[in-house]
Amino acid sequence: MAASPEEFRGQARLPHFASPLRYDLRLRPDLTACSFSGAAAIDVAVSAPTRFLVLNAAELSDLAPSEVVQFEEDEILVMGFDRELPVGEGVLKMNFTGTLNDQMRGFYRSKYECNGESRNMAVTQFEAADARRCFPCWDEPAFKAKFKLTLEVPSELVALSNMPAVEETVNGPLKTVYYEESPLMSTYLVAIVVGSFDYIESSTSQGTKVRVYTQVGKCNQGKFALDVAVKSLDLYKDYFGTPYPLPKLDMIAIPDFAAGAMENYGLVTYRETALLYDELLSSASNKQQVAITVAHELAHQWFGNLVTMEWWTHLWLNEGFASWVSYLAVEYLFPEWNNWTQFLDETTSGLRLDALAESHPIEVEINHASEIDAIFDSISYDKGASKALASYIKKYAYSNAKTEDLWAVLEEESGEPVKDLMTTWTKQQGYPVIYAKLNGHDLELEQAQFLSDGSSGPGMWIVPITSCCGSYDVQKKFLLKDKTGKLHIKEFTALSADGEKDPNFWIKLNIDQTGFYRVKYDDELAAGLQNAIKSKKLSLMDKIGIVDDAYALSVARKQTVTSLLRLLNAYRDESDYTVLSHVCLSISKISVDATPDLSKDIKQLLINLLLPTAKKLSWDRKAGESHLDVMLRSLLLIALVKLGHNETISEGIRRFHIFLGDRKTPLLPADTRKAAYLAVMRTVSTSNRAGYDALLKIYRETAEAQEKSRILGSLSSSPDKDIVFEALNFMLTDEVRNQDSFYILGGISLEGREVAWTWLKQNWDYVLKTWPSSSLISDFINSIVSRFASEAKAAEVSEFFAGRIKPSFERALKQSLERVRISARWIESIQSETNLGHTREDNGFCLAAAAAEEHDETRVKENRVRERGPPKRT
Ligand code: BES
Ligand code: ZN
């Protein structure tokens, strides 16, 4: 038994001798003073005699009783009692006060306009470990308890929480709202929102009421999300074999919001861009983002909220599955979007991050609350997914699970040795590249850990190898358990009688890219695949996988850029959005540093590749065209503008001027507007700044968050350094919400990277203070540092940060520096490829500078896909 509070200092987790059963919480936010007061009565079960209770609290004051020690660093409080607490139950009562902060975490304030005046609303964001900023609690996911909330708020406001209100009593200017008691749930899922809102309502086939709350006057923009929500709930109920567990579901748009959305049980919060959709004002990619986000957060109502990870080490059980299931749901709801193919966007960002030495295993050890935020990245979200989940959900409902628990259920369901196979994937960082070589009738395979810096790590995996030859009807699969393996292909290949290979011979491994690994083919196999691409034999997923692998192998200097170019050439006739977006992504990554003397020609050649399809699509929408063509148009126009294609730039500017005179012109709908804005910014400079000022004017006039994000994403894209500097300073003003800084950061032009770095150094202290949470501060480092590509710069950056490092951005900094060094080495090797100029002429097509880096202005939050530029994620 502990003798002194000191013994609880510096521990990764709370002790288990006492745990909460039920919280009775009363909170009174003051929206004018931006503070709150609260009272908690917590039913506590003591399982071993103790003189202390140890729980979390942060930034709370006036805590009674008085014999309380707070260890601020650990965000815990230890209460000492004169007499030992016996085994059994008791009630712990505390009063406390706190601040409604402006940091978008804990209990915070968000601002909105109402009748021309600025008002505050009160909002919570508790994941991962910020419930403790609102009330004292056992703030770990495994301490599930029931919550009974009571709020005292101004009578005229809407006050929402996880459960429906059971009673409301008005007392002059204040009202007291009592909510139903919740089922067992984790603290990070508790939510409160207080402000003025409108709502629309619908219900599921089971009769669950679903509402979308928006700012007053905007609730029509919630219709699309409401429809997706109702349909997703109906789908998940069948898919998970368990009905939606709560009596109601509310979804609400919050003007200041750190992440893209948050799955609070029964009260899901979103940034406006991720929830609101307007037929006239939103783009096709906005629409897709809303659907994916809603489907993702609602999947969490089962995966995460009903069954919760035991500790943050198993975060992927939440995020990996919600991501995977959301694509499944959207594929089902909107089959014409080809969403399942777009899921490869997630896989490829996982593959990119996990090829860094500074990556981490899926299951990552967490020793302090400050380390949790940094793992909400592509590893947790994108590296891994599976099926047969219904019995897992049933078994662990209202409880917590670890990674092994899932394998045990899957093993039982499938009779396969799931655990041995999967632990090689979840406990080990990284993934393999499979070298495939043809030797007579054998396909020889060898695995090695793939790292972008070109080294090979020590990792070994049990790799599910799938393969097909000449046609998708001829398939073979096996588990590669050792370093090397062989696949006998005699009967598999279509050898003609004289032993000569069929000219249509090709072998594709990792069919449809379902495995988390890359493949490096020998020359013969690679040539076969190129033919297969040209003659349109391959699935969209395989076409994407081949280009993505080839690009990554080239960065790691495992294959020449010349051969990458040769391969890209095979994609000349491609007109599919999902494929072209990956082709564009790959070619956009090479900076002008690589080939200074070639870059102009190179750009021209790339333009030649994209132009035919772009011309076919033109700037104008056609009646009845597909969702994907609309997305492709925007992708291509943005790429052409970034490549400096004059005709596209002048057409963009022409349409922009018409738009300035008539904001409703059909000549510049939401889908093509970003391309036009970027075109305008290509020609802006300090001596010719009308375009910049016109964009600012639109920004100030519009009330639409998606439109604002398009403009913010353009402002810093000018080639003029001074304008970039101005845009960065604009980001620091009150006119840009702190949640939106990453749009400006993500848009910084290549020409502006040096000035952006200078700016960051000058403003570092202020930036760190204003964007303290891990994901936000990491945006600054990722966007600004990762754009460089030289050893000297990496050294300069390290030197600046020496002595300034904090846990919140340490991982982001290490990863960014690693990327800079990888780019530097890659560029050196490209410059040494003497026949590069040649390839260009041969193929009529080559690499380009900074094209289409970020074609999607709607991405919610890109911490995890930062590789694709914000707002997605690293
Ligand atoms: N649980 C997360 C939100 C979150 C992220 C909270 C990081 C705290 C720290 C939520 O379910 C989520 O994943 N949101 C995504 C959007 C989604 C469509 C992938 C996001 O915010 O980017
Ligand atoms: Zn999530």
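Since this is a predicted model, take the numbers as computed values, not measurements.

Chemist: Can you help me understand the overall build of the protein in this one?
Modeler: What the protein contains, in helices and strands, is 26 helices and 28 strands. Along the longest, intermediate and shortest principal axes, the C-alpha atoms of the protein span 90 × 65 × 55 Å. Each of the 874 residues in the protein was classed as buried or not, and the buried ones make up 63%. In the protein, of all internal contacts separated by at least 6 residues, the share reaching a separation of at least 24 is 71%. Only carbon and sulfur atoms are counted for the fraction: they give 49% of the accessible area of the protein, which is about 31600 Å². When the 97 positive and 120 negative side-chain charges of the protein are each reduced to one mean point, those points stand 3 Å apart.

Chemist: In this structure, what is going on with the UniProt feature "binding site: Zn(2+)" (unreviewed entry) in the protein? I would like to understand it.
Modeler: UniProt records the feature "binding site: Zn(2+)" (unreviewed entry) for H296, H300 and E319 in the present numbering. The greatest C-alpha distance among the annotated residues, which extend across 24 residues, is 8.7 Å, indicating that they converge on a single site. Structurally, the position occupied by H296 is in helix α3 (residues 284-300). If near-sequence neighbours (up to four positions away) are discounted, H296 is found in contact with E319, A322, S323, S326 and Y381. Relative to the elements of secondary structure, H300 occurs in helix α3. Accessibility expressed as a relative area gives 0% for H300, which makes it buried. What H300 contacts, discounting residues up to four positions off in sequence, is E263, N305, L306, N318, E319 and A322.

Chemist: Is there a simple way to think about the site of ligand 1 in this case?
Modeler: Around ligand 1, 16 residues are found, and the nearest of them are E127, G260, E263, E297 and Y381. Contact distances for ligand 1 include 2.5 Å between an oxygen atom and a backbone N or O atom of G260. One of the side-chain nitrogen or oxygen atoms of E319 is found 2.9 Å away from a nitrogen atom of ligand 1. In the complex, the protein chains occlude 92% of the 510 Å² of accessible area that ligand 1 would expose alone.

Chemist: Honestly, the sheet that holds strand β15 (residues 209-214) in this entry has me stumped. Any pointers?
Modeler: The strands that make up a sheet are held in pairs by hydrogen bonds between backbone atoms, and each pair lies either parallel or antiparallel. Strand order in the open sheet made by the five strands is β14-β15-β16-β18-β17, with mixed pairing throughout. Sheet topology places β14 (198-203) and β17 (261-262) at the edges, where each strand pairs with a single neighbour. The pairing of β17 with strand β18 (residues 267-271) spans two bridges and is classified as antiparallel. Bridging from a neighbouring strand, M262 pairs with T269 of β18. Sitting on the sheet, α3 is in contact with β16 (248-254), β17 and β18, with an inclination near 150 degrees to β18.

Chemist: Which parts of the structure should I look at to understand the packing of aromatic side chains?
Modeler: Geometrically, a pair of aromatic rings is defined through the distance of the ring centres and the angle of the planes. Counted according to the given criterion, the structure contains 43 aromatic pairs. Note on W757 and F801: the rings are 6.2 Å apart at their centroids and 40 degrees apart in plane angle, and the pair reads as tilted. Of this pair, W757 sits in helix α22 (residues 753-770) while F801 sits in helix α24 (residues 791-801), placing them 44 residues apart in sequence. The two residues W757 and F801 agree in class, both being buried. One aromatic cluster in this structure is built from Y236, Y239, F240, Y244, W302, F303, W316, F321, Y392, Y396 and W407. Against the face of F659 rests R663, its NZ or CZ located 5.7 Å from the ring centre. The ring of Y699 carries the charged tip of K708 above its face, separated from the ring centre by 4.4 Å.

Chemist: Just checking my understanding: could you explain unusual backbone geometry for this structure?
Modeler: Across the chain, the bulk of peptide bonds are trans and the bulk of non-glycine residues have phi less than zero. Note the cis peptide between E127 and A128, where omega equals 5 degrees. Notably, E59 is not glycine yet its phi reads approximately 55 degrees, a positive angle. One can find E59 in the loop between β3 (50-56) and β4 (68-71). The phi torsion at M104 lies on the positive side, around 60 degrees, for a residue other than glycine. Along the chain, the position of M104 falls in the loop between β6 (88-99) and β7 (106-114). You can call M104 buried: its relative accessible area is 6%.

Rules of the game
- Residues numbered from 1 in each chain as written.
- Chains lettered and ligands numbered in written order.
- Predicted model: local features only at pLDDT ≥ 70, side-chain atom pairs only at ≥ 80, totals over all residues.
- Heavy atoms only, no water.
- Helix = DSSP H or I, 4+ residues; strand = E, 2+ residues; numbered from the N terminus.
- Buried < 20%, exposed > 50% of the residue type's maximum accessible area, 1.4 Å probe, protein only.
- Contact = heavy atoms within 4.5 Å.
- Areas by Shrake-Rupley, 256 points an atom, 1.4 Å probe, with all protein chains shown as cover.
- Lys, Arg positive; Asp, Glu negative; His and termini not counted.
- Charge placed at Lys NZ, Arg CZ, Asp CG, Glu CD.
- UniProt positions renumbered as here; feature names shortened; annotations may be inferred.
- Near = heavy atom within 4 Å.
- Polar contact = N/O pair within 3.5 Å; in protein donor to acceptor, adjacent residues only side chain to side chain.
- Pairing = 2+ DSSP bridges.
- Axes fitted to C-alpha atoms, helices over the stretch in contact; angles between N-to-C directions.
- Phe/Tyr/Trp six-rings, centres within 6.5 Å; stacked < 30°, edge-to-face > 60°.
- Lys NZ or Arg CZ within 6 Å of the ring centre and 35° of its normal.

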